[in-house]
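In case you want the letters, here they are:
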Amino acid sequence: MPASGPVTRNTLRQQIADALRDEVLAGRLRPGQEFTVKQIADQYGVSATPVREALVDLAAQSLLDSDQHRGFRVREISVADFRSMVEARSLITDGVFRNLAEAGWSGAHADVLLTIGRRADEAARAARAGDLDIFIGYDLRFWRELGALVDNPHISGFLHQLRLRCWVFSVPYLRADPGLRDRMWQDHSQVVDAVTRGDAEAVRAVIGAFHAQMLAWAARLDSGRLERPQQ
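Because the structure is predicted, anything quoted here is derived from the model rather than measured.

Calculation notes
The residue numbers shown here count from 1 along each chain, following its written sequence. Residue-level local features of this predicted model are given only where pLDDT is at least 70; pairs of side-chain atoms are given and counted only at 80 or more, and the full residue set underlies all totals for whole chains, interfaces and linings. As a convention, hydrogens and water are excluded, and side-chain values are obtained from all of the structure's heavy atoms. Scored between 0 and 100, pLDDT is the confidence that the predictor attaches to each residue. The way it works is that DSSP assigns letters per residue, a run of H or I at least four long becomes a helix, a run of E at least two long becomes a strand, and they are numbered from the N terminus. Each aromatic pair joins two rings of Phe, Tyr and Trp (for Trp, the six-membered one) with centres within 6.5 Å, and gets the label stacked for planes under 30 degrees apart, edge-to-face for over 60, and tilted for any other angle. Type-normalised accessible area, obtained with a 1.4 Å probe on protein chains alone, sets the label of each residue: buried when under 20%, exposed when over 50%, and partly exposed for intermediate values. Two conditions define a charge sitting above a ring: the NZ of Lys or the CZ of Arg must be within 6 Å of the ring centre, and it must be within 35 degrees of the ring normal. If DSSP finds at least two bridges between two strands, the strands pair. In the sections that follow, a salt bridge refers to a side-chain nitrogen of Lys or Arg positioned within 4 Å of a carboxyl oxygen of Asp or Glu.

Q: Can you help me understand the confidence of the model for the protein in this one?
A: Caution is warranted with low-pLDDT regions, since their predicted coordinates should not be read in detail. Looking at the protein as a whole, its pLDDT mean stands at 85, while 88% of the residues score no less than 70. Averaged pLDDT values for the elements of the protein fall to 86 in helix α4 (residues 79–103) and rise to 94 in helix α3 (residues 48–60).

Q: Can you help me understand the packing of aromatic side chains in this one?
A: Centre-to-centre distance and the angle between the planes together describe a pair of aromatic rings. Applying the stated criterion across every chain yields a total of 10 aromatic pairs. Centroid distance Y173 to W217: 5.4 Å. Interplanar angle 80 degrees. Geometry classified as edge-to-face. Here the residue Y173 occupies a position in helix α7 (residues 153–176), and W217 occupies one in helix α9 (residues 200–223), the gap between them amounting to 44 residues. Overall, W217 belongs to the buried group, its relative accessible area being 11%. Across the ring face of W143, the terminal group of R89 is positioned such that the distance to the ring centre comes to 5.0 Å.

Q: Hey, could you run me through the pairing of strand β3 (residues 71–74) in this one?
A: Within a regular strand, the side chains alternate between the two sheet faces. Note: strand β1 (residues 34–35) against β3, two bridges, orientation antiparallel. Its bridge partner lying in β3, F35 is registered against F72. Of the pairings in the sheet, the one linking strand β2 (residues 64–67) to β3 comprises four bridges and is antiparallel in character. Within β3, the residue paired with S66 across the bridge is F72. Hairpin connection of β2 to β3: three residues between the antiparallel strands.

Q: Just to check I follow, could you spell out the pattern of salt bridges for this structure?
A: Proximity of charged atoms lets side chains of opposite charge pair with each other. Going through the model one piece at a time under the given rule, you end up with 16 salt bridges. Between E53 and R13 there is a salt bridge; the shortest N-O distance is 4.0 Å. Here E53 is found in helix α3, whereas its partner R13 is found in helix α1 (residues 12–25), with 40 residues between them in sequence. Between D139 and R163 there is a salt bridge whose closest N-O contact spans 2.8 Å. Of this pair, D139 sits in helix α6 (residues 132–147) while R163 is found in helix α7, placing the two residues 24 residues apart along the sequence. Like R163, D139 is buried.

Right under this line is the structure:
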């Protein structure tokens, strides 16, 4: 387990959960890796209670599996799981942006869209610099803030968790083959522009192309044309 330094007591449960989530996204905690509450508590220099609570939270988000006797394990997401998550996102976002268009989003959300636009710009800069960790962070914030436009925390929260798990699946491949990063979807600004114009068809076309790209990648993985990273 990597040593990440001590954690302060302020919102300890959430800080531990965030730190471990970052470890998974960075590929330092790999799919299938096992650990106990005591190991994490010793790593961060805290008591077992907030660690156990944080791990239970991550298990509820389907990032970890728990075993009564062996502790916790980073969930291994299959290609079939990834495909199902992409298909779910596609169905939900299509409905979300159709509803937003009918409600007339551009004026009511102008300030929010400016902020989301900055996330898109930062994501593009990180992609050009080849900084995967920064790119993932801005991509997650971009989609979470964009999803919040629907003003339904259940929908936006579910979409965020799907996107997070999609990244957990993708990260080992991107770490193993940096060339894949050049083909990462980077059309965040096109989405913002289309939402700002209130052009629902354009939004759905851009995001639909993104989901089609992800499904094509899953098909290549299933066919064996892309090598799966060593665990």
